[in-house]
Amino acid sequence: MSPLMASSSTLLICFTVINLAFAKAKVYMVLMEDEPSFSVSNKQKYHRDIKDYFSTCRAENDYIVYKEKISNRHTIFLESHLRKGSYTKLYSYTHLLNGFAVHVTSEEVLGTLRNATGVRLIHEDVKIEKLTTHTPDFLGISTHVWPRLGGAESSGEGVVIGFVDTGINPDHPSFVTSSSSRFLNSTKFKGKCISGEQFPSTACNGKIVGAQYFAHGAMANGEFNATRDIPSPYDADGHGRQVIHTASIAAGINNVSVVVNGFDYGTASGMAPGARIAVYKAIYAFGGYMSDVVAAVDQAVEDGVDILSLSAGPSSVPSGDSAFLNVLELQLLFAIKAGVLVVQAAGNGGPFSSSVISFSPWITSVAASITDRKYNNTILLGNGQSYSGSGISPPTEGEISYQVAAAADVCVRNATTITIDSCQNPEPFIRPLAYGKLIICTYTFEYEYESASIAAVADTMKQIGAAGFIITLDPNFGSAVIKGTMVTLQIPAIILNDMQASSALWEYYNSNTVRDMRGQAIVFAAKARILDGRQAIYTGQAPVVASYSSRGPDVQNALMQTADVLKPNVMAPGSSIWAAWSPDSDGDKYIKGMTAFRFSFWDHSIERMPKINSFFDTGQNFALISGTSMATPHIAGIAALIKQKHPKWGPDAITSAMMTTADRTDHLGAPILAESLSELTEATPFDFGAGSINASQAIKPGLIFNATFKHYVAFLCAVPGLDREAVKRAVGVSCPTKGKFKCSDLNTASVTISNLVGKRKVIRYVKNVSDKDKYTIHIKEPLGVNVTVVPETFKIKRRGSRRLRLLFQATETTNAYTFGEMVLKGKQHTVRVPLAVYVASASTEFLHACPSSIEDTAVKFETAVHISVKSHSIRALKVVKLLVKNVKNSNGLTAMDIFHAQGTKQNLEIQLELKRHRICTSSVTLRDSFSRKLTLIDK
């Protein structure tokens, strides 16, 4: 096994053998009260300001000495508080955070750490999940952006994108480039390459400028397998379909031939072909752990990356006071403070509400869309009928039709039906009978639970000598979104995606198959041929929000209380994206094994790859993958183009530019639609954020919205129910004492109000990054809200700023989010700002009035409870008290039924008041009327 990874952000104690059998053994991340090295030395400042060479070297040395001092302090702290053998230090976090990851063997050890002087916060390590060309043309980058930046090869030059994911394959043609000497001398990047298994010292070739790996947390948690996971920066998973896949999307070189199974699918390019790639492997086939990801981010920012791309995230909303205060979110906040843009996948939990897993306003969260490129296939039956489906495969040979046979009719009779129908194993097939036929297989539950795959069907058909295969839907299964249809196949195949086509095929087959008295097929008279499914068609109708793309509204804690933050922020292509793939991938059943050939960039030849087991050939160099993790590198790459054009812009300016210039309409001028479970609906900002990325406009946005570290701290201090001391412990600075700041006042390129009662004032500041201009503001009001803005028109000089005062006045109680837009139209630029508002009450007077009916009592009570629980509002508390006094009935629901799980002072007062005034609504109690709401509150 190779040596454990080295990291300049860590000073590691020798990794000892860990007794994983100890039930209480866990990994914790401990943050200390002292400042990290970035805060103390302000490394960014001396990179800009110190001109003298010897002064610079002295500053570098001072920085390194201080880092080592922090790490040594962690070691001394642990040695002085814990007995030897009761812990293992995994990492020292020294750059963005001052803390360490430690594996402890008992609750007693953890208790000692909690009570120790100098400890600020302790967080338990949690699992992190992986989340997964035509797009430069689709987004207008090749024609409208690259020419402005000196051509494709120069686009992104001088910018380093850091990828925290599963590693990289340095031999892939997407990452071959010339010498890096000119590049390395012109940037602040100071990263390094750690060689290891399948990753030689020469792997950092100029395109890849840094590569390290992090696995101590995974090892301590017992999931790292050195044989499978490879202790080096090499990508063995292909979710480098995130780093190899995502890196090629963001920064792959231009015009790389995409040859798969011997077929030329065209060429692929990254968004910023001139940008460089730094790899920080912290995710593996099983996922990863936050302690490793935090170490990777710390190293990436210290190395000097400009942009950080994260295609991984938590599997659910983190526990604790706030989702904004988990260790990773905090570290990403400090990355923003250091000037690094953080781009993260919104998640693949759509189309369900509040499924986003990228929470904080300082992170750019990316939704996924479908492009206008489609791969369809067609089967022609012997009766003249034809049916469309999917299947990226070659056609059946010639223009002749082939006999069709159901899998069950060409298999031994004693095999189980499910095993036969799913076509996963060649053993049951009678090969002379199946040879040369098109075999009908069935999409069963096995595919849904990933014990079956289309790749395995193809392998089975090759082994039995079939002419091809047809996959139909199981009538007992119903309509389903078939997994793995975008796999590229070596033999003719079609997947019939709807029940009507599947039923028609079976009807034709059964009526043309002669059986003996035992029911066994003896004559196969049904015939068909499959056309070529490898030719793409372009519909022009796009983008469409992908069904899997996670939706807003954003939530601020595990109680699913919504936040005044728009998530996702922006949308980019994420479905069926051609990009680089690791040939040794072990991470995707639908792709692994489907390529018997691999493209050689040395001599442009196609070479045969060896078998790795009896079922699969080795993987391919390119693949079609879908997911918000595919959308994320599009945004990272476009951000690199913006950074190259405006090198002094911070993360807030780049995000603002992408949001305010995003498209709300598709390429045909119609409103963008979103896939739901069963239909297309008009998309909202909770589907696509500010809209679909428009790269050509994003590099010249006109106006931008700036937000800095102090503004994010003010935001945290304003989060309802979040204690100011908790914020101070988390970020290391006190909350501001002056001014009344609400979360909705954070100066972002959107306005979200999750709880509007009556009216609210919102402030925004815009800065002009273009020439002098005059803007007129137009408001498209959300339903139930009157919005006014002052000023309605304004002139602004170059680099000037203006303050905008918005007043949101509720006119109708919606008890749902409604959406609008603020459009600032100038002579040269149009700036769009999405509005999302939840009107809990049109006026507080509504709640004070006596209830006029059972229904009115119910509405008033639910609204007041919703407000008080949501925001811990003193005003709402008083309203609840008054409402209770106005209810004359004397039996029904008690406060303890509703609020027993809530521990705030305000809710305790409500409990006492409600105990004196029990509520009922005739024969129907509020518990019956609002059981769902109360269940959520109880949780």
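Residues numbered from 1 in each chain as written. Predicted model: local features only at pLDDT ≥ 70, side-chain atom pairs only at ≥ 80, totals over all residues. Heavy atoms only, no water.

## Side note on a nonpolar patch on the surface
Okay, step 1: Together, Val514, Ile522 and Val523 line one region of the surface with nonpolar side chains, adding up to about 240 Å² of accessible area.
Okay, step 2: Tracing the backbone shows Ile522 in strand S25 (residues 521-524). (Patch = residues over 30% accessible without salt bridge, like charges linked within 9 Å, V, L, I, M, F, W, Y side chains within 5 Å. Areas by Shrake-Rupley, 256 points an atom, 1.4 Å probe, with all protein chains shown as cover. Salt bridge = Lys/Arg side-chain N within 4 Å of Asp/Glu carboxyl O. Helix = DSSP H or I, 4+ residues; strand = E, 2+ residues; numbered from the N terminus.)

## Some details on the confidence of the model for the protein
Okay, step 1: Predicted confidence across the protein gives a mean pLDDT of 78, with 75% of residues reaching 70 or more.
Okay, step 2: Low pLDDT, under 50, characterises residues 238-244; the predicted model gives this stretch 51 contacts beyond four residues in sequence or across chains.
Okay, step 3: Note on residues 882-939: pLDDT is under 50 here. Beyond four places in sequence and across chains, it has 91 contacts. (pLDDT = per-residue confidence, 0-100. Contact = heavy atoms within 4.5 Å.)

## Thoughts on the nonpolar core
Okay, step 1: Core analysis: the biggest nonpolar cluster contains 93 residues, and Phe808 and Leu824 have the highest contact counts within it.
Okay, step 2: Setting aside residues up to four positions removed in sequence, Phe808 forms contacts with Val751, Ile753, Leu756, Gly758, Lys759, Arg760, Val762, Val785, Asn786, Val787, Leu835 and Val837.
Okay, step 3: Core analysis: the second largest hydrophobic core is formed by 71 residues, Ala101, Ile128, Phe324 and Leu332 among them. (Core = buried A, V, L, I, M, F, W, Y, C linked by side-chain atoms within 4.5 Å. Buried < 20%, exposed > 50% of the residue type's maximum accessible area, 1.4 Å probe, protein only.)

## Regarding the packing of helix H22 (residues 709-718) against helix H23 (residues 724-731)
Okay, step 1: Packing of H22 against H23 leaves a shortest axis separation of 8 Å and a crossing angle of 145 degrees. Here the hand of the crossing between H22 and H23 comes out right-handed. Every residue of H23 that contacts H22 at Val713, Leu716 and Cys717 is listed here: Arg724, Val727 and Val731.
Okay, step 2: Considered class by class, the residues forming the contact of H22 with H23 number five nonpolar, no polar and one charged. (Axes fitted to C-alpha atoms, helices over the stretch in contact; angles between N-to-C directions. Left-handed = near helix turned anticlockwise from the far one by under 90°. Nonpolar A, V, L, I, M, F, W, Y, C, P; charged D, E, K, R; others polar.)

## A few points about unusual backbone geometry
Okay, step 1: For the peptide bond that leads from Gly350 to Pro351, omega is 5 degrees, which places it in the cis range.
Okay, step 2: Looking at the element boundaries, Pro351 is found in the loop between strand S15 (341-345) and strand S16 (364-370).
Okay, step 3: At the junction of Lys567 and Pro568, the peptide bond is cis and its omega measures out at -5 degrees in the coordinates.
Okay, step 4: Tracing the sequence through the fold places Pro568 in the loop between strand S28 (544-545) and strand S29 (570-573).
Okay, step 5: Positive phi, normally seen in glycine, also occurs at Ile230, with a value near 60 degrees.

## So, the state of the cysteines
Okay, step 1: Applying the stated criterion across every chain yields a total of three disulfides.
Okay, step 2: Disulfide partner of Cys193: Cys204, at an S-S distance of 1.3 Å. Between Cys193 and Cys204, the S-S torsion sits near -60 degrees, and that sign places the bridge as left-handed. Note that Cys193 is positioned in the loop between helix H7 (181-184) and strand S7 (208-213) and Cys204 in the loop between H7 and S7, a separation of eleven residues in sequence. (Disulfide = S-S within 2.5 Å.)

## Comments concerning the packing of aromatic side chains
Okay, step 1: The final tally for this structure, using the stated rule, is 13 aromatic pairs.
Okay, step 2: Look at Tyr91 and Phe214: their rings are 6.4 Å apart centre to centre, the planes differ by 45 degrees, and that puts the pair in the tilted class.
Okay, step 3: Taken together, the ring pairs in this structure connect Phe686, Tyr817, Phe819 and Tyr838 into an aromatic cluster.
Okay, step 4: Here Lys337 stacks its cationic end above the ring of Phe709, 4.4 Å away from the centre of that ring. (Phe/Tyr/Trp six-rings, centres within 6.5 Å; stacked < 30°, edge-to-face > 60°. Lys NZ or Arg CZ within 6 Å of the ring centre and 35° of its normal.)

## Considerations on the environment of Leu703
Okay, step 1: By the element assignment, Leu703 lies in strand S36 (residues 703-704).
Okay, step 2: Relative accessible area serves as the criterion here: at 0%, Leu703 is assigned to the buried category.
Okay, step 3: Separated by 65 residues in the primary sequence, Leu703 and Asn768 place their C-alpha atoms 4.6 Å from one another.
Okay, step 4: Those residues within four positions of Leu703 in sequence are excluded, and the remaining contacts are Ser656, Thr660, Val766, Lys767, Asn768, Val769, Tyr775, Phe794, Ile796, Leu824 and Val831.

## Brief notes about helix H16 (residues 454-464)
Okay, step 1: Most of H16 sits inside the fold, with nine of its eleven residues counted as buried.
Okay, step 2: Within the sequence span of H16, burial applies to Ile454, Ala455, Ala456, Val457, Ala458, Asp459, Thr460, Met461 and Ile464.

## Quick notes on the side chain of Ser355
Okay, step 1: Tracing the chain through its elements places Ser355 in the loop between S15 and S16.
Okay, step 2: Accessibility expressed as a relative area gives 15% for Ser355, which makes it buried.
Okay, step 3: Within the structure, the side chain of Ser355 is placed 2.6 Å from the backbone oxygen of Phe352, a separation counted as a polar contact.
Okay, step 4: Residues within four places of Ser355 in sequence aside, it is in contact with Ala346, Gly349, Gly350, Ser550 and Arg551. (Polar contact = N/O pair within 3.5 Å; in protein donor to acceptor, adjacent residues only side chain to side chain.)

## A short note on the sheet that holds strand S44 (residues 830-841)
Okay, step 1: With mixed pairing, the five strands of this open sheet are ordered in space as S37-S44-S43-S39-S41. Of all the strands in the sheet, the pair left with one neighbour each is strand S37 (751-757) and strand S41 (793-796). Strand-to-strand twist of the sheet, defined as the mean angle between neighbouring strand axes without regard to direction, takes the value 25 degrees.
Okay, step 2: Summarising the sheet, strand S39 (residues 773-780) and strand S43 (residues 817-825) pair through five bridges and their orientation is antiparallel. When the bridges of S43 are listed, Ile779 appears paired with Met822. (Pairing = 2+ DSSP bridges.)

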